[in-house]
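Structure assessment
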Amino acid sequence: MEVGDLLAECARTAAERSASRSEAHRLQFCSCRDSLSAELGSLLQEAMDMKWPFVPEKWQFKQLIGPSDKTNLSNLIREHLPKLLTLLKASIMFDEAPTALAVIFLVDRFLYWTDQSSQLLKIARLLHKAHPDTPIAPQLVIRQSRVYLNSGKLQKAEFILSSLIKNCGTTGCWSYHSDSDRALVQAVSVQVRGTVLQKLGLWREAAELIWASLVGFYALPQPDRKGIGTSLGILANILVSMNDEDFHSFRTNPDIRFERILGDESQRLLSAALAAKMAVISSQYTSLYVLTNVTAQGTCLLSYSFSLECPDSQRNLFLQQAREAFAIGLLTKAEDELVTSQQELHTFIKAAFSITVTHKWLSASGEVVPKASQACQEALALFYEYCRANDEDKDALCARIMHLVAKVKLLLGVVPFPNSDKGSFIPDHYRDINDSSVNFTLEDFSKILQRFEKYHASVSETAASVVETSENLHRLCLADLGTTVEASKPEGSTGAAGGPCSAYPHPKAEVSTTCESADSSSWQKLSMSSSGSSQLSGKGDEADVSNESCASTEADEDGSVSLQTADKNQKLHKQGSGFGITSNTTSPKVCGKPEQGGIETLDSEKRTADDVGEANKHSTPEEAALSLSQLMLRTTSDSLDDSFSSQYSWEKLSSNQSSYPSKAGSSQTSQTPDSKGSFFIMETDDCDLLPQSNPQRIHGVQSNMDIKKHPGEAPNSPEAFCRPEQFTLSETSTESSFEMLEGSEGSKAASVALSPRCYSCLNPTKAAATLELSLQDYQALLAGVCHECLLRRLQFDERKFRLDQLSTAHSALHLKFSKEAGLWTARETCVYIGTHIEMNGNPHGSQREAIWVQFLHQEERLSSYVGKNYLKPKEIKFHLNDVERQMTAQYYVTEFNKRLYDKNDMAQIFYIPSEALLILNGKEIVGCITVEPFILGNFVKLTNNTRKKVESLSATKYGIAFGHFTYLLSKRQEVVVDLQGWVTANGKGLTYLTDPQIHSTRTRRGPSDFAGSGIRCFLREQHGPKCNEICQRLKLPPLDPQTALL
């Protein structure tokens, strides 16, 4: 019987609660238990005795490793998995919960690697519901947080992790044998929290948490090699994405003591490569870890070879080192070896594509490169299908993918290397690093955790305030955590049941996924006290997050899979040849897919032209004569008071920022909090359960549905949002006027200053911009270019693009923008453009469509990403400005969060990172889309870009204070508005935002940027004459909306 079938039978048995302690069931249970090998029997007993909080590998806690230690637990579990699952079923039938949960504990990691965690965790919850006093291993609790993270439920993941960190690993009735075991659980929890921040694009904050986990792993009585290797690998990936300013602050932070692990290396990418290599050595006996970390190392070296810091004479040397790293990863499995992990398959394809790119730059002749690239694109298309396939189809798809990877190895001459240690997956010369001199203590770990103590306490307490407690008040039911909110319900309202789920009832046609009923399974309970005693030093670790997290994007409580295809008859995909040549075929249908919250404002391109035309009737002749870029506001030199000054203050903003035109068409929406517009996620295998009444939103894309007007709802005209006299500038919002902005005097003046880090500024060229990328174009983009140079290079004489080919694999350039550095940096990647994400049967919103996207260099390999594609052909600058605007808002909100933290307010707001993919056909640019991580939950709109605000949610108060803060931080030149995203049920905890608008007199960003008029509108209408309690708590200087911009 297949593993999936066995798990399904166990789940049915546990759900039916038909267990009995009959003699027949007892005999069956004893027979299954006695059939286990002595080694497995011993492990099972140790799991029942709570000897370790994580099932350890033999090599994990040893400095001197013998031949018998070079095996992996996964091999043992794989060999005996049918027996273990048969014992699990027999234990459930005999009502022997301790044994059943111990079996789940043992097989958990292996089934996570084979993408079966959802069903296994469902069984664990059912057992815990029936036997609440049976201990649940911390490994399983943290596993749930990982599944939440992979499926986009960041709020739930944050709550689990913060609670474990705050309460020293306490979870239910689990008993710890030593303080070091508690520290281990805290270290793994901190590590996973670091990957949450990594997903949010908060690189320095993520690096600090990963570093804290390293201190914890090194501080154990026997350092945890597996945990150290995983954290070092994650750190390497973070450092690649981090800007140089943040890296310098991180490296020189006296609390970090960077040199104790990574030495005196001061170059960011070389430090990342060193961290990755140390990770490879720490985990050299497990093929998955070696593949993951050595691919990270190669990526670091490849990126450094194109950086401005790399001497030309050494470029080929670093390219050779990168090639060797990718080759080592590709040799961890032969073509005929079974790969059962989604992450492992993804990383094999990434390594194959990366070695192809490296070969292209090393070799003068590129005859094999197009063939290897084509194989990688075909493999990625199959991988997209694999992630949505039924269990019975996965083995065949995996074999086809690994055959294509083997083809790349053959084409590029990847051959085995000398290795005297047969248990290891790395060559002999790789073992030249010894970290035995690294020495941290548990006291060091405790001190570094204190830096985050307030935040973790706040997250767990805020979440607890909206969770219905059970009879045992010391327990907290994570399954009942309210992470969704309907804007139609005011804060604090309750329903009939009185719990968090009833506080925000959904229509009957909808099925709640992020809240459960009061009698739902509650196995994930964190106790505020523990029955643990200090005895022997327990050992074990579950440090396999991110770099070894192999769960699919599975749903949570009900075990349903969120990204499965229903129609298996359509499995043909489009692949390109060379570096992007494509052919047509049919796209697969995605059934039961969760759809993300988001909003796209309605027809703003059409509205704002008329709106501003009306507004101009009220402008003075003098104002009407001024162009957008020529109008200089008469502002005072007031800025933030002295209490705002810090190394992260507004002083980091460049005084000579360019005028960046941005997205044309995101303005106010006609939807109010009273409408049924709160997006709801369906997690079910039934494709027909999508609600038909609510307009669903997906990351900035709203369905084209008629939205019912409610009494008192404002019409779509600007006069209803702002008084006409506020729009006194001669603003227009037609596309042509938007394009005219780039030629204005203000833009030219702003772009005079050259960026010392921009390749194009340092190596200017007068060559005409063409659709085909030249060698210098690649060098510039891979090294880093400023926003102004990138816009100039990608301006093609009114040439507009729209990506029409879906279910297609392409080569692409992955473009990231750093606000602090002011640079765009590219990486060559391969992307699969999937299917539309439909909203109530509509394939797109009013201006954009949402598409499932998977690409090799995405930050989280197992997470889903959403692509945004304009319906009408647009110039590439529209996509780039969308990203620039969102990353600017992220910069501002990060500073705002620091201010909140300084004032002991632990609410946190995040803008999810936005990036661009420049789609290529060979070297020719054929399109562009923006991408961002998939977030699961109900979507609310807190404010629009003029006067509307949802006052019933506490999150709105923080949003208004954020606008006030932004205005001061930018020296009264900008304000972030149009706040929309996902909030916790009470609106006071974690808030994730997307698709902002920015009114600016410094950097014009298109028709929805109303400049001074928009700023005045915010100050008068949204903020008002009096500061709210959050502004006062932060001690923000009061504003006078009447005179602020005079």
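Keep in mind it's a predicted model, so treat the numbers as computed, not measured.

**Remarks on the overall build of the protein**
On a plain count of helices and strands, the protein comes out with 34 helices and 15 strands. Counting only residues that meet the buried cut, the protein has 66% of its 1046 residues in that class. Pairs at least 24 apart in sequence give 79% of the contacts found in the protein among residues at least 6 apart. For the protein, the computed accessible surface area is about 35300 Å², with 51% contributed by carbon and sulfur atoms.

**Quick word on the nonpolar core**
Judged by nonpolar contacts, the single largest core of 211 residues is most densely connected at W211 and I261. It is helix α10 (residues 203-219) that provides the largest number of residues to this core, a total of 12 residues. Filtering out sequence-adjacent residues up to four positions away, W211 remains in contact with L235, F250, I256, R257, F258, I261, L262 and I448. With 38 residues, the next largest nonpolar core counts A961, L969, V976 and L1036 among its residues.

**Notes on the packing of helix α4 (residues 73-93) against helix α5 (residues 97-113)**
Put simply, α4 and α5 touch, their axes get as near as 9 Å, and they point 140 degrees apart. It follows that α4 is oblique to α5 by the angle criterion. The two elements α4 and α5 cross, and the hand of that crossing is left-handed. From α4, L73, S74, I77, R78, L81, L84, L87, L88, S91 and I92 reach across to α5, where they touch T99, A100, V103, I104, L106, V107, R109, F110, L111 and W113. By residue class, the composition of the contact of α4 with α5 is 15 nonpolar, 3 polar and 2 charged.

**Observations regarding the packing of aromatic side chains**
When we look at a pair of aromatic rings, we describe it by the centre distance and by the angle of the planes. According to the stated counting rule, one finds 26 aromatic pairs in the structure shown. Ring centres of W211 and F250 lie 5.8 Å apart, and the angle between their planes is 85 degrees; on these two criteria the pair is classed as edge-to-face. Note that W211 is positioned in helix α10 and F250 in helix α12 (residues 244-252), a separation of 39 residues in sequence. Both residues of the pair, W211 and F250, belong to the buried class. A network of ring pairs unites the aromatic residues W211, F247, F250 and F258 as a single cluster. Its end group placed over the ring of Y430, K277 keeps NZ or CZ at 4.9 Å from the ring centre. Between the NZ or CZ atom of R388 and the centre of the ring of Y384, over which it lies, the distance is 3.8 Å.

**Describing a negative patch on the surface**
Together, E2, D5, D391, E392 and D395 make up a negatively charged patch on the protein surface. Residue position: D5 is located in helix α1 (residues 3-16). The exposure class assigned to D5 is partly exposed, which follows from its relative accessible area of 43%.

**Here's the deal with the state of the cysteines**
Under the definition given, this model contains 0 disulfides. The cysteine C786 is free of any disulfide, with C789 supplying the nearest cysteine sulfur at 3.4 Å.

**Quick word on helix α19 (residues 391-411)**
When the terminal C-alpha atoms of α19 are compared, their 31 Å separation across 21 residues agrees well with the 30 Å that a helix rising 1.5 Å per residue should span. Three or more residues of α19 are buried, namely K394, L397, C398, I401, M402, L404, V405, A406, V408 and K409. In this structure, the buried residues of α19 make contact with α16 (315-330), α17 (342-362) and α18 (368-386). With its phi angle positive at about 70 degrees, G413 sits one or two positions after the end of α19.

**Brief notes about helix α32 (residues 954-969)**
With 16 residues, α32 ought to run about 22 Å at 1.5 Å a step, and its terminal C-alpha atoms sit 23 Å apart, in line with that. Counted residue by residue, α32 has 15 buried out of 16 residues, so it is predominantly covered. K971 occupies a position one or two residues after α32 and carries a positive phi of about 60 degrees.

**Topic: the side chain of K350**
For K350, the location among the structural elements is in helix α17. Summary of buried charges: K350 has no salt-bridge partner, and the nearest side chain of opposite charge, E859, is 8.1 Å away. K350 has contacts with T295, T299, L856 and H857, leaving out every residue within four places of it along the chain.

**Notes on the confidence of the model for the protein**
In the predicted model, the protein carries a mean pLDDT of 75, and 70% of its residues have values of at least 70. The model gives residues 703-752 a pLDDT under 50, and that stretch makes 146 contacts with residues more than four places away or in other chains.

**Section: the pattern of salt bridges**
Scanning the entire structure with this criterion turns up 37 salt bridges. As a salt-bridge pair, R1033 and D905 come within 2.4 Å of each other at their nearest N and O atoms. Of the two residues, R1033 is situated in helix α34 (residues 1029-1033) and D905 in the loop between α31 (876-902) and β8 (908-911); the sequence distance between them amounts to 128 residues. With relative accessibility at 34%, the residue R1033 sits in the partly exposed group. Counted as one network, the salt bridges with shared partners bring together R848, K868, D882, R885, E932 and D995.

**Re the sheet that holds strand β13 (residues 980-983)**
Here 4 strands make up an open sheet; going across it, the order is β8-β14-β13-β11 and the pairing mixed. In the strand order of this sheet, the two ends are held by β8 and β11 (940-941), each with one partner. Set on the sheet, helix α8 (residues 154-166) makes contact with β13 and β14 (990-993); between it and β14 the angle comes to about 150 degrees.

**Considerations on the pairing of β14**
Here β14 shows no split at all, with L990 and Y992 on one side and T991 and L993 on the other all buried. Note: β8 against β14, 4 bridges, orientation parallel. Paired with F910 across the bridge in β14 is Y992.

**Regarding the packing of α31 against α32**
Two numbers describe how α31 lies on α32: the axes approach to 10 Å, and their chain directions differ by 105 degrees. Overall, the two elements α31 and α32 adopt an arrangement that is roughly perpendicular. When α31 is examined against α32, the residues A889, Y892, V893, E895, F896, R899 and L900 are found in contact with a partner set consisting of Y958, A961, F962, F965, T966 and L969. Of the residues belonging to the contact of α31 with α32, the class tally is 10 nonpolar, 1 polar and 2 charged.

**Some words on the environment of E16**
Structurally, E16 can be placed in helix α1. Take E16: its relative accessible area is 55%, and that puts it in the exposed class. Each C-alpha atom, one on E16 and one on L126, is 9.7 Å from the other, the two residues being 110 residues apart in sequence.

**Quick look at the pairing of strand β7 (residues 865-870)**
Counting buried positions along β7 gives 6 out of 6 residues, so the element sits mostly inside the fold. Bridge analysis of strand β6 (residues 848-855) against β7 gives 6 bridges, and the strand direction is antiparallel. Its bridge partner being in β7, R848 is matched across the sheet by Y870. With 4 bridges joining them, β7 and strand β10 (residues 924-933) adopt antiparallel strand pairing.

Calculation criteria
- Residues numbered from 1 in each chain as written.
- Predicted model: local features only at pLDDT ≥ 70, side-chain atom pairs only at ≥ 80, totals over all residues.
- Heavy atoms only, no water.
- Helix = DSSP H or I, 4+ residues; strand = E, 2+ residues; numbered from the N terminus.
- Buried < 20%, exposed > 50% of the residue type's maximum accessible area, 1.4 Å probe, protein only.
- Contact = heavy atoms within 4.5 Å.
- Areas by Shrake-Rupley, 256 points an atom, 1.4 Å probe, with all protein chains shown as cover.
- Core = buried A, V, L, I, M, F, W, Y, C linked by side-chain atoms within 4.5 Å.
- Axes fitted to C-alpha atoms, helices over the stretch in contact; angles between N-to-C directions.
- Parallel < 35°, antiparallel > 145°, perpendicular 65-115°, else oblique.
- Left-handed = near helix turned anticlockwise from the far one by under 90°.
- Nonpolar A, V, L, I, M, F, W, Y, C, P; charged D, E, K, R; others polar.
- Phe/Tyr/Trp six-rings, centres within 6.5 Å; stacked < 30°, edge-to-face > 60°.
- Lys NZ or Arg CZ within 6 Å of the ring centre and 35° of its normal.
- Patch = residues over 30% accessible without salt bridge, like charges linked within 9 Å, V, L, I, M, F, W, Y side chains within 5 Å.
- Salt bridge = Lys/Arg side-chain N within 4 Å of Asp/Glu carboxyl O.
- Lys, Arg positive; Asp, Glu negative; His and termini not counted.
- Charge placed at Lys NZ, Arg CZ, Asp CG, Glu CD.
- Disulfide = S-S within 2.5 Å.
- Expected span 1.5 Å × (residues − 1).
- pLDDT = per-residue confidence, 0-100.
- Pairing = 2+ DSSP bridges.

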